[in-house]
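# Chain and residue survey
Chain by chain, the residues:
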Amino acid sequence: DDFLTGGGAPRVYLAWDVPACNDGCHDHWLGDGTCDEACNVSACDFDAPDCVGAAAAVPSDKKYGSGSSGSRHSRTPPKPRCAQGCPPSWLGDGACDAKCDFESCGFDAGE
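For clarity, every value in this text was computed on a predicted model and none was experimentally measured.

### So, the overall build of the protein
In terms of helices and strands, the protein carries one helix and zero strands. By the burial criterion, 30% of the 111 residues in the protein qualify as buried. Sequence-distant contacts, at least 24 apart, represent 28% of the contacts inside the protein between residues at least 6 apart. Summing over all exposed atoms, the protein offers an accessible surface of approximately 7,000 Å²; the carbon and sulfur share of this is 54%.

Below, the structure written as structure tokens:
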């Protein structure tokens, strides 16, 4: 389980952190369905692209809500991504994803 995905492809682990596209914008916030204020800049592809057409951006201190059961986001952030726009669940999923087809992602875990 530590070395292979559910589809049998090798998992990719990075030895260093990937730099953020903007201060205060966490990589796992990009493309998560919420327009985040810190990620709403061109360097972050306007939150990849959660902020395109959004009425308002969510400030960083309001990201995980008040902890109520109605909140879309858990308080535990997901695993970091190997490349902007490539969530870990896309690696080794049986489909070649262009956003994961980089050396830092093991070329989409060999796909």
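From this point, the narrative continues.
### Description of the nonpolar core
Core analysis: the largest hydrophobic core is formed by eight residues, namely Ala9, Cys82, Ala83, Cys86, Leu91, Cys100, Cys105 and Ala109. The residues touching Ala9, leaving out its near neighbours within four places in the chain, are Phe3, Leu4, Gly92 and Ala109. Within the second largest apolar cluster, seven residues are counted, among which are Cys25, Leu30, Cys39 and Ala48.

### A word on the state of the cysteines
For the coordinates displayed, the defined rule picks out five disulfides. Covalent S-S linkage joins Cys35 and Cys51, the inter-sulfur distance amounting to 2.0 Å. With the S-S bond torsion at 105°, the cross-link from Cys35 to Cys51 turns out right-handed. A residue pair is termed long-range when its members are at least 10 positions apart, and Cys35 in the segment before helix H1 (106-110) and Cys51 in the segment before H1 qualify at 16 residues. Judged by its relative accessible area of 10%, Cys51 falls in the buried class. Residue Cys82 pairs covalently with Cys105 via a disulfide, S to S 1.9 Å. The sign of the S-S torsion, about 105°, decides the handedness of the disulfide formed by Cys82 and Cys105: right-handed. Taken as a pair, Cys82 in the segment before H1 and Cys105 in the segment before H1 lie far apart in primary sequence, 23 residues in all. By sequence-ordered numbering of the bonded cysteines, the protein has its disulfides arranged as 1-5, 2-4, 3-6, 7-10, 8-9. Cys96 carries a free sulfur, and the closest cysteine sulfur to it, the one in Cys100, is 8.7 Å from it.

### Quick word on the side chain of Asp50
Looking at the secondary structure, you find Asp50 in the segment before H1. Owing to a relative accessible area of 18%, Asp50 belongs among the buried residues under this scheme. Engagement of the side chain of Asp50 in a polar contact is seen with the backbone nitrogen of Asp32, the distance being 3.0 Å. At a separation of 3.0 Å, a polar atom in the side chain of Asp50 contacts the main-chain amide nitrogen of Gly33. With sequence-adjacent residues up to four places away left out, Asp50 is seen in contact with Trp29, Leu30, Gly31, Asp32, Gly33, Thr34 and Cys35.

### Describing the side chain of Asp97
The topology assignment puts Asp97 in the segment before H1. Among buried Asp, Glu, Lys and Arg side chains, Asp97 stands out as unpaired, with Lys99 the closest opposite charge at 10 Å.

About the thresholds
Residues numbered from 1 in each chain as written. Predicted model: local features only at pLDDT ≥ 70, side-chain atom pairs only at ≥ 80, totals over all residues. Heavy atoms only, no water. Helix = DSSP H or I, 4+ residues; strand = E, 2+ residues; numbered from the N terminus. Buried < 20%, exposed > 50% of the residue type's maximum accessible area, 1.4 Å probe, protein only. Contact = heavy atoms within 4.5 Å. Areas by Shrake-Rupley, 256 points an atom, 1.4 Å probe, with all protein chains shown as cover. Core = buried A, V, L, I, M, F, W, Y, C linked by side-chain atoms within 4.5 Å. Disulfide = S-S within 2.5 Å. Polar contact = N/O pair within 3.5 Å; in protein donor to acceptor, adjacent residues only side chain to side chain. Lys, Arg positive; Asp, Glu negative; His and termini not counted. Salt bridge = Lys/Arg side-chain N within 4 Å of Asp/Glu carboxyl O.

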